[in-house]
Amino acid sequence: MILRKIQAGTCRSWLFRVSLKQEPCFFSSVPSQPVPPLAQTLQNYLRALEPLLPPEELNHTRRMVHEFSRPGGLGAQLQEGLERRARHTKNWISDRWVQWAFLESRQPLPVHSNPAISLPRRDYNDWRSQLVFASKLIAAVLDFKAKINTGQIPMEYMRGKPLCMELYPLLFSSCRIPGPKHDSIAHYGRSRRSPTHITVVRNYQFFQLEVYNSDGSQLTEGQIHSQLMRIRSQSWKTDKEPMGILTSEHRHTWGEAYNRLLRDKLNKESVRLIETGLFSLCLDSPVMRISDEKYASRKAAQILHGGGTFSNSGNRWFDKTLQFVVGEDGSWGLLYEAATIEGPPIATLLHHILHDNPNPQRAPLIPLPMPKKLYFNIDREIKRDIELAKQNLDILINDLDVNVFNFKRFGKDLPKKYNMSPNSFIQVALQLAYYKVHNEVCPACDIASQRMFRGGRTEYIRSPTSQTLMFILAFDDPSVSREAKLQLFREAVDAYTALTDLALNGHGIDRHLLGLKLQAIEEGMSIPKIFMDTAYGLATHWKLRTGQVPANTDSVMCFGPLVPDGYAICYNPQADHVHFSITAFNCCEETNAETLAHTLKDTLCQLQELLHHPVLH
């Protein structure tokens, strides 16, 4: 049996050990997602508010919750609607959640939505090696696709339970399509004539690269390499407009520009080839080299948004589900569109790329067609759209502070030694570090997978807990003994672990509350008072957006904060070190990624000291 940790959810958190067994993916063996009991959710909601609200506000919310939950009342009516929906749909919340959280959001995809994974730099620094590595990468991804097509992707298990595998086929030939009021997702891989090309983009110019021979066999590494050489020779810097920049816009603005763009037949054909391609490969120019410490942050930012309109941002099509980025300086990674796909398939794909070496195939003696360059007719309106998009993207990029670092003092083995969950340990550390910087605890969301249920996506795990707050308040209090602090720390870690277990079993609170709210809207009711309460707004203003992203490599994930005055923190715990990425917006005077990073390092060292010095009896 292979053991692997798989990433869970859109905010990217692996919170479980997954085992893989070589057998067909039977979806029917995965149960439906339960609708949690209403009373349980409301009780846990109030418990989550305790560390965040003063007593008088909490009492006010308690009265509202009591009114909402009375027998035969509004809550019971909406709960009944959700249970009815659960009986008649594959999953009672996933589609609604994707629509609400992603497709109706009008924020730009770079920074705000699409996660990036930056992988360890390859040992080269020239374009020739860049194309050799890109060829190997494409071949490995095509090999993975073949395994999906032939049902050879092993079934995944968590805690002995099978996981839903339905997202895997959506990795390829998928794209988000902008709309005036909401976006949609298009899957082209299920059509009778599935696409057989990828899109390669270099110097802002897009190319259609067929990756299968006329007999249906995959192109070999050698064939791919020769085609990439041809693309390079056709893609010298010209005065071409960076069309990909348009996809970085506010979704309403891009939706309008998209409609203008598609009026022209040539533009429509080029856009469709990008959208229908299996995936995109972005051949980037080098990241500006600075100190090694800052290079990690610059490299992660480069994958995330391209580095700006004078750098590689024109080499992206942010709506595309899967984009691999390979830089001339050895930097590489991938970017994915979060409404369509989530971490688990991405993690398995990366594992395949890095660890499975397909047998080299001899190239058939067939002349390959020249890769097709995609052209666009750019009129005055589209030119104006591009200029505006360039300005807005550069403003967004300049506003984002990215701080990536490797904490080397210890890794996940330390909490394990003391029978603590490494993820819960880090979550408590994050709250303590935040408190030290801002003198308050804040609403934070970590993500648990719901893939043990049919069509399941994700659930939030909320912190802080009351136990975390008690520990934080005692931590710097000299009147509290070390033994008492250690006990409070254990209680805080255990409380978070208990919340994690609830979420993994389908009994989290956030998706349920959202479902109740959306059910009321669907039934034509006014939004219940419980959701108009200031407490609900405060508790869902996620100042900490967090995600545990363990991988077998020293990779790091990166994404932007959910709110203007918040942070996003990703971490990849290895046995003896932890990779962190912290982002914050420069426009907010209160937040500072570098300050929080320094404080977090100190906090982790202090927690290590707390554990290492038990009280002598």
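Residues numbered from 1 in each chain as written. Predicted model: local features only at pLDDT ≥ 70, side-chain atom pairs only at ≥ 80, totals over all residues. Heavy atoms only, no water.

The name given to the protein in an unreviewed UniProt entry is Carnitine O-acetyltransferase b, with Mastacembelus armatus as the source organism. The Sequence similarities (unreviewed entry) field of the UniProt record for the protein holds the comment "Belongs to the carnitine/choline acetyltransferase family." (UniProt positions renumbered as here; feature names shortened; annotations may be inferred.)

Student: How should the side chain of Thr-591 be read in this particular structure?
Tutor: For Thr-591, the position within the fold is in the loop between strand 20 (578–585) and helix 19 (593–612). Those residues in contact with Thr-591 that sit more than four places away from it in its chain are His-438, Asp-565, Gly-566, Tyr-567, Ala-584 and Phe-585. (Helix = DSSP H or I, 4+ residues; strand = E, 2+ residues; numbered from the N terminus. Contact = heavy atoms within 4.5 Å.)

Student: Is there a simple way to think about the pairing of strand 20 in this case?
Tutor: Consecutive side chains along a regular strand alternate between the two faces of the sheet. Of all the 8 residues making up strand 20, 8 are buried; the element is thus mostly covered by neighbouring parts of the structure. Of the two faces of strand 20, the one holding Val-578, Phe-580, Ile-582 and Ala-584 and the one holding His-579, Ser-581, Thr-583 and Phe-585 are both buried throughout. For strand 19 (residues 567–573) and strand 20, the ladder comprises 7 bridges, and the chain directions are antiparallel. Its bridge partner being in strand 20, Asn-572 is matched across the sheet by His-579. Connecting strand 19 to the next strand, strand 20, in antiparallel fashion are 4 residues. (Buried < 20%, exposed > 50% of the residue type's maximum accessible area, 1.4 Å probe, protein only. Pairing = 2+ DSSP bridges.)

Student: Help me understand the packing of aromatic side chains in this model?
Tutor: Each aromatic ring pair is summarised here by two numbers: the centre-to-centre distance and the angle between the ring planes. In the structure shown here, the tally under the stated rule is 21 aromatic pairs. Note on Phe-410 and Phe-425: the rings are 5.9 Å apart at their centroids and 90° apart in plane angle, and the pair reads as edge-to-face. Separated by 15 residues along the polypeptide, Phe-410 in the loop between strand 14 (400–407) and helix 12 (413–417) and Phe-425 in helix 13 (residues 422–438) bring together distant segments of the chain. Pair check on accessibility: Phe-410 and Phe-425 agree, each one buried. (Phe/Tyr/Trp six-rings, centres within 6.5 Å; stacked < 30°, edge-to-face > 60°.)

Student: Honestly, the environment of Ala-76 in this entry has me stumped. Any pointers?
Tutor: Along the polypeptide, Ala-76 turns up in helix 3 (residues 74–88). Ala-76 sits 38 residues away from Leu-38 along the chain, and the two C-alpha atoms are 7.6 Å apart. Once residues lying within four places of it in the same chain are set aside, the contact partners of Ala-76 are Leu-38 and Phe-68.

Student: Please explain the sheet that holds strand 3 (residues 116–119) as it appears in this structure.
Tutor: Pairing between the strands of a sheet is mediated by backbone hydrogen bonds and can be parallel or antiparallel. Spatial ordering of the open sheet is given by 13-9-8-10-11-12-3-18, a layout of 8 strands whose pairing is mixed. Whereas interior strands pair on both sides, the edge strands pair on one side only; in this sheet they are strand 13 (372–373) and strand 18 (556–558). For strand 11 (residues 322–327) and strand 12 (residues 332–336), the ladder comprises 5 bridges, and the chain directions are antiparallel. Following the sheet pairing, Phe-324 is matched in strand 12 by Leu-334. On the sheet, helix 8 (residues 265–276) packs against strand 8 (197–202), strand 9 (205–210) and strand 13 and is oriented at approximately 110° with respect to strand 8. Taken strand by strand, helix 10 (residues 343–355) contacts strand 3, strand 11 and strand 12, and its axis lies near 155° from that of strand 12. (Axes fitted to C-alpha atoms, helices over the stretch in contact; angles between N-to-C directions.)

Student: Just to check I follow, could you spell out the environment of Thr-540 for this structure?
Tutor: Mapped onto the secondary structure, Thr-540 falls in the loop between helix 18 (534–539) and strand 17 (544–548). For Thr-540, a relative accessible area of 24% puts it in the partly exposed group. Thr-540 sits 96 residues away from Ala-444 along the chain, and the two C-alpha atoms are 8.3 Å apart. Beyond its immediate sequence surroundings of up to four residues, Thr-540 is in contact with Arg-462 and Asp-510. For Thr-540, the side chain forms a polar contact with the main-chain oxygen of Tyr-536, separated by 2.7 Å. (Polar contact = N/O pair within 3.5 Å; in protein donor to acceptor, adjacent residues only side chain to side chain.)

Student: Looking at this structure, I do not really get unusual backbone geometry. What am I missing?
Tutor: Backbone phi values are negative for most residues with the exception of glycine, while trans is the configuration of most peptide bonds. The step from Ser-463 to Pro-464 runs through a cis peptide bond, and the omega angle for that step is 10°. Residue position: Pro-464 is located in the loop between strand 16 (458–463) and helix 14 (466–475). We note that Ser-173 has phi near 55°; this positive angle belongs to a residue other than glycine. Mapping Ser-173 onto the fold places it in the loop between strand 5 (161–162) and strand 6 (174–177). With phi around 70°, Tyr-204 is a residue other than glycine that occupies positive phi space. By secondary structure assignment, the location of Tyr-204 is in the loop between strand 8 and strand 9.

Student: Where do I start with the pattern of salt bridges in this structure?
Tutor: Two side chains with opposite charge may pair up if their charged atoms get near one another. By the definition in use, this model includes 26 salt bridges. Residues Lys-543 and Glu-440 are paired through a salt bridge, measuring 3.2 Å at the closest nitrogen-oxygen approach. You can see Lys-543 sitting in the loop between helix 18 and strand 17 and its partner Glu-440 sitting in the loop between helix 13 and strand 15 (444–449), a full 103 residues away along the chain. Given the relative accessible area of 18%, Lys-543 is considered buried. (Salt bridge = Lys/Arg side-chain N within 4 Å of Asp/Glu carboxyl O.)

Student: I would appreciate a short explanation of the packing of helix 1 (residues 38–49) against helix 2 (residues 55–69) in the present structure.
Tutor: Helices that pack against each other are described as a pair by the angle of their axes relative to one another and the distance between those axes. The interhelical angle for the contact between helix 1 and helix 2, taken along N-to-C directions, is 170°, at an axis separation of 11 Å. On the basis of their axis angle, the class for helix 1 and helix 2 is roughly antiparallel. Across the interface between the two elements, Leu-38, Leu-42, Tyr-45, Leu-46 and Leu-49 of helix 1 pack against Leu-58, Thr-61, Arg-62, Val-65, Phe-68 and Ser-69 of helix 2. Along the lines of polarity and charge, the residues of the contact of helix 1 with helix 2 split into 8 nonpolar, 2 polar and 1 charged. (Parallel < 35°, antiparallel > 145°, perpendicular 65-115°, else oblique. Nonpolar A, V, L, I, M, F, W, Y, C, P; charged D, E, K, R; others polar.)

Student: Explain the sheet that holds strand 17 here, please?
Tutor: In space, the 6 strands of this open sheet follow the order 14-20-19-17-15-16, with mixed pairing throughout. Where the open sheet ends on each side, the last strands, each with one partner, are strand 14 and strand 16. Adjacent strand axes in the sheet meet at a mean angle of 20° when their direction is disregarded.

Student: Hey, could you run me through the nonpolar core in this one?
Tutor: For soluble globular proteins, nonpolar side chains are generally found buried alongside one another. Phe-425, Phe-471, Phe-489 and Phe-580 are the most contacted members of the largest nonpolar core, which has 76 residues in total. With near-sequence residues (within four places) excluded, Phe-489 lies in contact with Met-420, Phe-425, Val-428, Phe-471, Leu-607, Leu-610 and Leu-611. One finds Ile-224, Leu-278, Ile-346 and Met-557 within the second-largest nonpolar core, a separate group that totals 56 residues. (Core = buried A, V, L, I, M, F, W, Y, C linked by side-chain atoms within 4.5 Å.)

Student: Is there a simple way to think about the domain arrangement of the protein in this case?
Tutor: Size of an interface, as often reported, equals the accessible area lost when the parts are brought together. For the protein, the assigned domains are domain 1 (109–401) and domain 2 (408–611). Listed as interface residues are 37 residues of domain 1 and, on the opposing side, 29 residues of domain 2. Summed over both sides, the interface between domain 1 and domain 2 buries roughly 2,600 Å², with carbon and sulfur atoms accounting for 50% of that surface. Taken as a group, Glu-342, Asp-399 and Asp-401 account for 21% of the area that domain 1 buries against domain 2, more than any other trio of residues on that side. Along the contact surface separating domain 1 from domain 2 lie 3 salt bridges. A salt bridge links Arg-454 to Glu-166, with the nearest nitrogen and oxygen atoms 2.3 Å apart. Applying the counting rule to domain 1 against domain 2 returns 13 residue pairs in polar contact (both at pLDDT 80 or more). Every element with two or more residues in the side of domain 1 that touches domain 2 is listed here: strand 3, strand 4 (155–158), strand 5, helix 9 (292–305), helix 10, helix 11 (380–399) and strand 14. (Domains from an automatic or database assignment. Buried area = accessible area lost by both parts, 1.4 Å probe.)

Student: I keep staring at helix 16 (residues 510–522) and nothing clicks. Help me out?
Tutor: Within an α-helix, residues lying three or four positions from one another point in the same direction, as the helix has 3.6 residues per turn. With 13 residues, helix 16 extends 18 Å from end C-alpha to end C-alpha; this agrees with the ideal 18 Å at 1.5 Å per step. Where burial is concerned, most of helix 16 is hidden: 11 out of the 13 residues are buried. Buried residues of helix 16: Asp-510, Arg-511, His-512, Leu-513, Leu-514, Gly-515, Leu-516, Lys-517, Leu-518, Gln-519 and Ala-520, and no others. Phi turns positive, to about 75°, at Gly-524, one or two residues after helix 16. (Expected span 1.5 Å × (residues − 1).)

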